[in-house]
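# Geometric and topological summary
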Amino acid sequence: APGAVIGFDTYPSSGNDDDPCEFKIVVLQALFQTDLQRGIMAATDWLKQGSTQTPRCKSAALTLLGRHGGKSVTPVILGVARNESDLKLRARAISTLGTTNDDSVIDPLRDFAINSQDNEITEAAVYALSQHTGERAMTVLSEVASSGKTTAQRKLAISSISTRPGEPAVDALFRIYDSDQSVEIRKAVIYAFANRRSERAGTKLLEIARSSDNIELRKAAIGAISRRGGDKAIEFLLNLYDTEKNEEVKDQILNALGSGASTYFVDPE
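Notes on the structure in this doc start here. Computed from a predicted model, the values in this text were never measured in an experiment. (Residues numbered from 1 in each chain as written. Predicted model: local features only at pLDDT ≥ 70, side-chain atom pairs only at ≥ 80, totals over all residues. Heavy atoms only, no water.)

### A look at the overall build of the protein
Scanning the protein from N- to C-terminus turns up 15 helices and zero strands. Nonlocal contacts in the protein, meaning residues at least 24 apart in sequence, comprise 62% of its contacts between residues at least 6 apart. Accessible surface for the protein amounts to roughly 13300 Å². Of this, 50% is attributable to carbon and sulfur atoms. (Helix = DSSP H or I, 4+ residues; strand = E, 2+ residues; numbered from the N terminus. Contact = heavy atoms within 4.5 Å. Areas by Shrake-Rupley, 256 points an atom, 1.4 Å probe, with all protein chains shown as cover.)

Written out as structure tokens, the structure reads:
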């Protein structure tokens, strides 16, 4: 279908080649390729309040602006994110703000992530923040991870932090783990540690597996150690098994060893 050229689209193609929106999208794509400024102007018109374009056409305009418009189109996308009545389009616009790496959108994204009553909006904001490489985005993700409205939102922010390169991400994960007593949140941090090559993260997992007073956290840490992999992991798990008294923990160690503690997880480059 012609619309497939766009890439990710909130609104699926109708499958009808005679759909006027399909044709409009192809024309708009061509305009972006041949005359970028006219393409930006046309897409901006599609997204103005009162526009009669369909949600699918508007979604395509957002995609093209995000991909080709640069920071100059941030106010247009932000306007849709704040004022559009269609929830899916608002979420699409918020997600698109992640492609700009424009620091001016961090505060609005924080507002969407922290204060929105709609989970779809919050998730879109967390996704957009995860695409921004700056220190401020990391700070806001940490804030959502620590004080988001729902556990699911907090876990999503923790997962986003776990994919960010460098020690600041590990620092943030340590702060979240140490400041929160929720078993579910702590388990989310343990899973995040499994994705880090950091020696500090590995040492923390060993500490939790060996001495946490919560069985569920110990079991999660054992699984995370297995996923990190390597000879040290196997040696640790074997030694822990020999000294462990709790049968539930011993079963988890056997499961971890059986799954093969030889797969390596590395930090993003």
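Picking up where we left off.
### Some points on the state of the cysteines
Within this structure, the stated rule accounts for one disulfide. Covalent S-S linkage joins Cys21 and Cys57, the inter-sulfur distance amounting to 2.2 Å. In this pair, Cys21 sits in helix α1 (residues 20–34) while Cys57 sits in helix α3 (residues 55–68), placing the two residues 36 residues apart along the sequence. On the accessibility criterion, Cys57 (1% relative accessible area) is buried. (Disulfide = S-S within 2.5 Å. Buried < 20%, exposed > 50% of the residue type's maximum accessible area, 1.4 Å probe, protein only.)

### Details of the packing of aromatic side chains
Per the counting criterion, the structure on display carries one aromatic pair. When the ring centre of Tyr177 is taken as origin, the NZ or CZ atom of Arg186, which lies over that ring, is 4.3 Å away. (Phe/Tyr/Trp six-rings, centres within 6.5 Å; stacked < 30°, edge-to-face > 60°. Lys NZ or Arg CZ within 6 Å of the ring centre and 35° of its normal.)

### Considering the packing of α3 against helix α5 (residues 87–96)
At a minimum axis separation of 10 Å, α3 and α5 run at an interaxial angle of 5 degrees. It follows that α3 is roughly parallel to α5 by the angle criterion. Between α3 and α5, the contacting residues are Pro55, Lys58, Ser59, Leu62, Thr63 and Gly66 on the first element and Leu89, Arg92, Ala93 and Thr96 on the second. By residue class, the composition of the contact of α3 with α5 is four nonpolar, four polar and two charged. (Axes fitted to C-alpha atoms, helices over the stretch in contact; angles between N-to-C directions. Parallel < 35°, antiparallel > 145°, perpendicular 65-115°, else oblique. Nonpolar A, V, L, I, M, F, W, Y, C, P; charged D, E, K, R; others polar.)

### A closer look at helix α12 (residues 199–211)
With 13 residues, α12 should reach 18 Å at 1.5 Å per residue; the first-to-last C-alpha distance of 18 Å fits that figure. If you check which residues of α12 are buried, you get Ala201, Gly202, Lys204, Leu205, Ile208 and Ala209. Seen end-on, α12 carries its buried residues on one side only, within an arc spanning 160 degrees. Away from its buried face, by an angle of more than 90 degrees, α12 presents the exposed residues Glu199 and Ser211. Buried residues along α12 sit in contact with α10 (167–179), α11 (183–193), α13 (215–228) and α14 (231–243). The N-cap of α12, judged by a side-chain oxygen 3.2 Å from the amide nitrogen of Arg200 a few residues on, is Ser198. (Expected span 1.5 Å × (residues − 1). Arc of directions from axis to C-beta. Polar contact = N/O pair within 3.5 Å; in protein donor to acceptor, adjacent residues only side chain to side chain.)

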